[in-house]
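Examination of the molecular architecture
What follows is each chain in one-letter form.
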Amino acid sequence: MSTTVLIAGLAPGARVVDIVYPRPAGGLLDLAEAAGALVQDGLEMLLWQGVFAEALWLGRSLGPEVVAAMRAALR
């Protein structure tokens, strides 16, 4: 089944997540977004893997300012 067929079958407001990063131009997320879906690439997953890994290594939770700095570094 092609990506185009899958995208065409999405309900309005559907969410599409692709763990690939950086987001490739013309890929799945662009097609889904053009069809009206809310999309997210793999950068959020990468961010939270790093946040939880740091918390485990440090033995404490990271503050929101640290998470914000990590997010900014990914952009």
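Residues numbered from 1 in each chain as written. Predicted model: local features only at pLDDT ≥ 70, side-chain atom pairs only at ≥ 80, totals over all residues. Heavy atoms only, no water.

1. A look at the overall build of the protein
Inclusion rule: Helical segments are the DSSP runs of H or I of at least four residues, strand segments are the runs of E of at least two, and each set is numbered from the N terminus. Only C-alpha atoms enter the radius of gyration, while the globule expectation follows 2.2 Å times N to the 0.38, with N the number of residues. Should any heavy atoms of two residues lie within 4.5 Å, those residues are considered in contact. Note on areas: Shrake-Rupley with a 1.4 Å probe; residue coverage comes only from the protein chains shown.
In terms of regular secondary structure, the protein is built from 4 helices and 2 strands. Counting from the amino terminus, helix and strand elements in the protein follow one another as α-β-α-β-α-α. The C-alpha atoms of the protein give 16 Å as radius of gyration, which overshoots the globular expectation for 75 residues (11 Å, by more than 25%). Principal-axis analysis of the C-alpha atoms places the extent of the protein at approximately 45 × 20 × 20 Å. Across the protein, every contact between residues at least 6 apart in sequence was considered, and the portion connecting residues at least 24 apart equals 30%. Summed over all atoms, the accessible surface of the protein reaches about 5300 Å², with 64% contributed by carbon and sulfur.

2. Quick word on the pattern of salt bridges
Filter applied, for reference: Put simply, a salt bridge is a Lys or Arg side-chain nitrogen that is within 4 Å of an Asp or Glu carboxyl oxygen. Burial classification: accessible surface area is computed with a 1.4 Å probe over protein chains only, and a residue below 20% of its type maximum counts as buried, one above 50% as exposed, and the rest as partly exposed.
Taken as a whole and assessed by the stated rule, the structure comprises 4 salt bridges. When the shortest N-O distance is used, the salt bridge between E44 and R71 registers 3.0 Å. Here E44, found in helix α3 (residues 43-58), pairs with R71, found in helix α4 (residues 64-74); they are 27 residues apart in sequence, far enough to count as distant. The partly exposed category is assigned to E44, whose relative accessible area is 21%. Taking the relative accessible area as the measure of exposure, R71 reaches 30% and is therefore partly exposed. R75 is the partner of E44 in a salt bridge, and the nearest nitrogen-oxygen pair spans 3.9 Å. Residue E44 is located in helix α3, and its partner R75 is located in the segment after α4; the two are separated by 31 residues in the primary sequence.

3. Thoughts on the nonpolar core
A general tendency of soluble globular proteins is for nonpolar side chains to be buried together. For clarity, the threshold we go by: We define a nonpolar core as any set of buried Ala, Val, Leu, Ile, Met, Phe, Trp, Tyr and Cys residues linked to one another through side-chain atoms lying within 4.5 Å.
Counting 5 residues, the largest nonpolar core is built from I7, V16, L29, A32 and A37. Excluding its chain neighbours within four sequence positions, the residues that come into contact with A37 are L10, A14, V16 and A32.

4. Quick look at the packing of α3 against α4
Note the cut-off: The axes are straight lines fitted to the C-alpha atoms, using for helices just the contacting stretch, and the angles between their N-to-C directions are given from 0 to 180°. Under this scheme an angle from 65 to 115 degrees is roughly perpendicular, one under 35 degrees roughly parallel, and one over 145 degrees roughly antiparallel; angles in between are oblique. Handedness of a crossing is defined here by the sense of rotation of the near helix relative to the far one, left-handed for an anticlockwise turn of less than a right angle and right-handed for a clockwise turn. Residue polarity follows a fixed list, in which Ala, Val, Leu, Ile, Met, Phe, Trp, Tyr, Cys and Pro are nonpolar, Asp, Glu, Lys and Arg are charged, and the others, Gly among them, are polar.
Between α3 and α4, the least distance of the axes is 10 Å, while the angle of their chain directions is 140°. Taken together, the axes of α3 and α4 are oblique relative to one another. Our pair here, α3 against α4, has a crossing hand that is right-handed. Packed against α3, whose contacting residues are L43, E44, L46, L47, W48, G50 and V51, the element α4 presents V67, M70, R71 and L74 at the interface. Of the residues contributing to the contact of α3 with α4, the split by class is 8 nonpolar, 1 polar and 2 charged.

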